[in-house]
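Chain by chain, the residues run as shown.
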Amino acid sequence: MNIAGSLSVREGQVDVAILAGPRVTLWPSRGARLLATSCTEMGLVAGLYGGESMTVRGVVPLPGTGGLVLVEDVQHRIHRIRARAVVKVSDLTGLPDPFPGWRSQGLVPLSTAERLRRESHVSWDPCTVILGSGNRALRFGSSLLESGVAEVYCIESSAQWGAKRFAGWEVERRRFEMLGGRLIEARPVRLLPKAALLWELKVQDSLGVRLLEVARVVAAGPFEGQPGVREHPPGSSLFELEQTAQANREDDVEGWVMEEERGIWLAGKIIKSLATDLGERKEELDRVFKRARGRLRRYSKHREEPFTPAYHGKWVSNGDLKAIKAFSGVPVLEHRARLIASVECFEQIPCSTCVTVCPTGAIELGRVPRDPEKRILQESKCISCGLCAQACPSGAIPLVKESGEHAMSSLVLPWRGKRLWSIGDFAILVNRRGETLGNARVSKILDPGEVLAQRISAGVITPLVRLRGVTTQLVQVDVPSHLLWETRGLKRRAAAAVEDEAYLEAVRRSEASAEKVDITLNGERRMVRDRIPVSVALFEVGQSRAEDVLYCPDGSCGLCQVLVDGVKKLACQSRTHRGMAIKLVEPPAPTQGESSLCPCLGITVEQVIERLQQGKLQSPEAVLSVTHVGEGKCHGQLCMEAFRRALLSQGLDATQWSDWRFPWSEWTLVHN
Ligand code: SF4
Ligand code: SF4
Ligand code: FES
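Parameters and conventions
Residue numbering note: each chain is counted from 1, following its sequence as written. Chain letters start at A and ligand numbers start at 1, both assigned in the order the entries are written. The predicted nature of this model means local features are confined to residues of pLDDT at least 70 and side-chain atom pairs, given and counted, to a pLDDT of 80 or more, with totals for whole chains, interfaces and linings taken over all residues. Residues are counted as near a molecule or strand when the C-beta atom, derived from backbone positions, lies within 6 Å of that molecule or strand. Think of it as three bins: nonpolar holds Ala, Val, Leu, Ile, Met, Phe, Trp, Tyr, Cys and Pro, charged holds Asp, Glu, Lys and Arg, and polar takes everything else, Gly as well. Note on geometry: axes are C-alpha line fits, over the in-contact stretch for helices, and angles between N-to-C directions span 0 to 180 degrees. Where helices and strands are cited, they refer to DSSP runs of H or I of at least four residues and of E of at least two residues respectively, numbered from the N terminus. Roughly parallel means an angle under 35 degrees; roughly antiparallel, over 145; roughly perpendicular, 65 to 115; everything else is oblique. Less than a right angle of anticlockwise turn of the near helix away from the far helix marks a crossing as left-handed, whereas a clockwise turn marks it as right-handed. We call two residues in contact when the distance between their C-beta atoms, placed using the backbone, is within 7 Å. The length a helix should cover is 1.5 Å for every residue beyond the first. Exposure classification rests on a simple neighbour count of other C-beta atoms within 10 Å of a residue's own: a residue reaching 20 or more is buried, one at 12 or fewer is exposed, and one in between is partly exposed. C-beta atoms are placed from the backbone. When DSSP finds two or more bridges between a pair of strands, those strands are recorded as paired. The nonpolar core criterion groups buried Ala, Val, Leu, Ile, Met, Phe, Trp, Tyr and Cys residues into a set whenever they are joined through C-beta atoms within 7 Å. The quantity called pLDDT is the predictor's confidence in a given residue, expressed from 0 to 100.

Considering the site of ligand 2
Taken together, Val171, Val343, Cys345, Cys351, Ser352, Thr353, Cys354, Leu365, Cys392, Ser394, Ala396 and Ile397 form the complete shell of residues around ligand 2. Looking at the shell around ligand 2, its residues break down into nine nonpolar, three polar and no charged.

See the structure below:
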């Protein structure tokens with residue numbers, strides 16, 4: 001490829017190039033930063049390329065190791081960087097295996113759904129289905145429920161029915177279920193439009209077929225175990241690092257820590273292969289490298305051994321209830337006299353937020369794997385402030401005070417819903433699976449600040465840094481003692497919650513309508529909010545197309561083209577304004593191409609499998625060269641994960657394979 005001529009090309013050379021892959025929204029994320037720092041500390045030259053000012057156009061692998069990286073800056077200058085090792089940081093694709101209707105406007109990837117929730121007035125009622133049951137899926141489901149959406153399902157579609165191991169934290173799952181969410185194992189069969197902004201999702205579970213009327217289906221993969229770090233081809237020093245860290249550690253502790261450890265581990269691997277003389281630092285490097293590998297293994301272990309209590313009806317089975325009470329984070333003594341935190345975090349997950357916030361050091365989790373002899377909770381040190389319950393991202397810490405068998409006990413539960421509780425409110429008590437156990441009234445709202453102020457003025461503790469942006473309310477209810485260890489959540493009466501939310505939504509809408517402007521959409525007049533991305537406006541007026549899934553952060557997938565005032569533009573990159581005329585370039589996609597694998601090129605799963613079998617093809621590259629999957633407009637952003645899984649279904653393991661075809665996105669070289 002010759003990109004010289006009158007183009008302004010800058011040459012560069014680094015040891016390690018760390019690149020933001022397509023769809024990476026957060027740059028540089030935690031793992032990328034750690035990787036760069038670790039390499040630099042060991043004397044290598046590392047470069048981070050991505051973000052708003054640097055668009056990575058692709059990598060041309062070099063014979064031997066490393067590659068040539070092409071980066072475009074804001075002034076459209078091309079930078080040609082030669083690197084001995086290349087790391088592409090990739091976002092997970094959240095799309096499911098193709099099924100009839102998966103390319104309709106009813107299905108959006110989780111990243112789109114999160115953006116729509118933040119930026120739009122799209123409704124998620126009466127029911128939203130999330131395909132996937134990982135941490136992010138469960139967390140998104142919980143946030144929908146907390147905001148008042150009546151029904152949310154998480155569907156685990158890839159597991160063998162009946163032999164399920166949830167990949168999410170047990171605590172996340174519990175939080176989701178306590179809020180009334182349903183987690184089911186099923187396979188999506190079909191998604192069809194039913195009415196305006198209403199879809200019918202047909203799923204099949206082990207009992208048969210069920211039909212769900214949904215406002216939206218959110219695809220929240222991964223739908224299989226991902227390796228986290230890939231080197232492909234082996235020995236090439238071309239790596240792919242999975243991005244799991246969010247902007248803040250608290251948003252997903254596990255994702256953050258896993259990316260940290262992967263970054264350190266990968267740095268160790270690269271340094272070992274590139275640095276010639278490490279001298280005395282070799283031992284240190286070996287130690288860090290080994291520790292990261294060990295932690296990665298241990299942190300994943302809880303996924304294989306989740307604690308899922310057995311139930312008799314609505315009650316936790318005797319054996320598992322005993323196990324819960326015997327857990328070393330659960331109080332055994334002092335909770336009979338006063339409120340004490342009960343740290344019900346049974347799995348060894350890489351989180352220690354509660355340890356950090358506790359002002360008295362009453363919680364000691366220790367390193368994973370934990371010492372079984374060591375108690376997590378030091379009851380005598382707990383001052384019942386509730387800070388840990390407020391901070392725990394998974395709602396795994398209630399405060400309990402247990403009275404005699406036939407008396408009333410006290411229970412303090414965290415609440416993150418929008419509508420706050422008041423003393424005297426009527427609450428429905430739910431168990432760890434979200435099933436109703438009974439009713440209670442709110443007797444108190446615990447304020448950690450008040451407790452702490454008293455303790456500080458009494459000289460019992462010293463002031464500590466307050467939590468940033470925590471909005472969790474601590475709600476105390478008095479419950480019959482036999483419900484103390486069963487109740488782990490509160491609900492408002494469904495009708496009240498929905499009415500309330502509908503009211504709030506109406507207020508929001510009326511406030512927003514003040515800013516509305518009129519545009520024409522396919523020749524019809526429409527009122528939309530001013531200065532919002534056209535894609536978001538299309539969602540709000542119910543005219544989004546499958547192409548408007550906001551799949552990439554920067555328009556690089558090139559899918560959402562529209563005509564704005566007669567000029568071709570990307571809907572995600574254009575903003576609404578008064579009087580604009582939008583014409584949808586393509587009519588809303590028909591739900592055809594039922595098992596379409598690569599919608600850009602109209603290639604189906606069956607065609608790929610047929611070519612694979614006919615040609616007895618042995619590698620993903622060979623299959624790609626005959627099928628051309630991924631060579632369409634979006635450069636594989638929609639189809640490559642499903643392609644990988646289609647190969648796997650035929651016994652061709654492509655889990656370690658990365659796609660390095662050039663370029664990564666729509667790109668036209670413009671000569672200056
Ligand atoms: S309630 Fe307060 S003192 Fe007790 S464990 Fe939690 S943070 Fe620590
Ligand atoms: S804050 Fe504590 S209890 Fe909550 S998930 Fe983290 S480690 Fe577990
Ligand atoms: S779906 Fe766009 S290239 Fe395959």
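Some words on the packing of helix α2 (residues 110-119) against helix α3 (residues 135-146)
Two elements in contact, α2 and α3, have axes separated by 11 Å at closest approach and are oriented at 25 degrees. One element, α2, and the other, α3, form an angle in the roughly parallel class. Here the hand of the crossing between α2 and α3 comes out left-handed. Where α2 approaches α3, its residues Leu110, Ala113 and Glu114 are matched on the opposing element by Arg136, Ala137 and Phe140. Within the contact of α2 with α3, the residues separate by chemical class into four nonpolar, no polar and two charged.

A short note on the site of ligand 1
Looking at ligand 1, there are 13 residues lining it, with Ala341, Cys358, Cys382, Cys385 and Cys388 nearest. For the shell around ligand 1, the class distribution of residues is ten nonpolar, three polar and no charged.

Focus on helix α5 (residues 253-274)
The end-to-end C-alpha distance of α5, which contains 22 residues, comes to 31 Å, matching closely the 32 Å that a straight helix rising 1.5 Å per residue would cover. Among the 22 residues in α5, 18 count as buried, and that is most of the element.

Digging into the sheet that holds strand β25 (residues 516-521)
Here five strands make up an open sheet; going across it, the order is β26-β25-β29-β27-β28 and the pairing mixed. Either end of the sheet is taken by a strand with one partner, and the two such strands are β26 (524-529) and β28 (567-570). Strand-to-strand twist in this sheet, taken as the mean axis angle between neighbours without regard to direction, amounts to 40 degrees. By the bridge criterion, four bridges tie strand β27 (residues 561-564) to β28 in an arrangement that is antiparallel. Paired with Leu563 across the strands is Lys568, a residue of β28.

Quick word on the sheet that holds strand β10 (residues 187-195)
Two modes of strand pairing occur in sheets, parallel and antiparallel, and in both the strands are linked by backbone hydrogen bonds. The strand order across the open sheet formed by three strands is β10-β11-β12, and the pairing between neighbours is antiparallel. A single partner strand is all that each edge strand has here, and the edge strands are β10 and β12 (208-214). The sheet shows a mean angle of 20 degrees between the axes of neighbouring strands, direction not considered. Both β10 and strand β11 (residues 198-205) contribute to a ladder of seven bridges, which runs antiparallel. Within the sheet, the bridge partner assigned to Arg190 lies in β11 and is Lys202.

Comments concerning the nonpolar core
Membership of the largest hydrophobic core comes to 130 residues, with the highest contact counts inside it found for Ile130, Val217, Val218, Cys388 and Leu597. Not counting chain neighbours up to four residues away, the residues in contact with Val218 comprise Val108, Leu110, Ala113, Thr128, Ile130, Leu131 and Phe140. Listed in part, the 38 residues of the second largest apolar core include Ile81, Leu266, Ala267 and Ala292.

Overview of the confidence of the model for the protein chain
Taken residue by residue, the protein chain gives an average pLDDT of 85. The fraction at 70 or more is 90%. Segment residues 1-6 is flagged for pLDDT under 50; beyond a separation of four residues in sequence, or across chains, it makes seven contacts in the model.

With respect to the pairing of strand β15 (residues 238-243)
Taking burial as the measure, the six residues of β15 include six buried ones, the bulk of the element. Of the two faces of β15, the one holding Leu238, Glu240 and Glu242 and the one holding Phe239, Leu241 and Gln243 are both buried throughout. Note: strand β5 (residues 78-91) against β15, six bridges, orientation parallel. Within the sheet, the bridge partner assigned to Asp91 lies in β15 and is Gln243. Of the strand pairs in this sheet, strand β14 (residues 229-231) and β15 are connected by three bridges, and their pairing is antiparallel. Residue pairing for β15: Glu231 is matched across the bridge by Phe239. Turn length for the β14-β15 hairpin, with the two strands adjacent in sequence and antiparallel, is six residues, and the turn residue Gly235 shows positive phi of about 80 degrees.

Focus on the environment of Ser328
Checked against the element boundaries, Ser328 lands in the loop between α7 (318-326) and β18 (340-341). In this structure, the C-alpha to C-alpha distance between Ser328 and Arg375, residues 47 residues apart in sequence, is 4.9 Å. Once you skip the residues sitting within four places of it in the chain, Ser328 turns out to touch Arg375, Ile376 and Leu377.

Examining the environment of Gln226
Examined against the element boundaries, Gln226 turns out to sit in the loop between β13 (216-219) and β14. Sequence spacing of Gln226 and Glu242 is 16 residues, and the spatial spacing of their C-alpha atoms is 8.4 Å. Look past the residues within four positions of Gln226 in its chain and what remains in contact with it is Leu92 and Glu242.

Focus on unusual backbone geometry
Following Trp27, the chain continues into Pro28 via a peptide bond in cis, with omega recorded as -10 degrees. On the secondary structure map, Pro28 appears in the loop between β1 (9-20) and α1 (30-41). Along the chain, His232 connects to Pro233 via a cis peptide bond; the corresponding omega equals -10 degrees. Following the sequence through the fold, Pro233 ends up in the loop between β14 and β15. Positive phi, close to 60 degrees, is recorded for Ser237, a residue that is not glycine. Its location among the elements puts Ser237 in the loop between β14 and β15.

A short note on the packing of α3 against helix α4 (residues 170-178)
Helix packing geometry: the angle between the two helix axes and the distance between the axes. The interhelical angle for the contact between α3 and α4, taken along N-to-C directions, is 25 degrees, at an axis separation of 9 Å. The orientation of α3 with respect to α4, classified from their angle, is roughly parallel. Crossing handedness for the pair α3 and α4: left-handed. For the pair α3 and α4, the contacting residues are Asn135, Leu138, Arg139, Gly141 and Ser142 in the first and Glu172, Arg173, Arg175 and Phe176 in the second.

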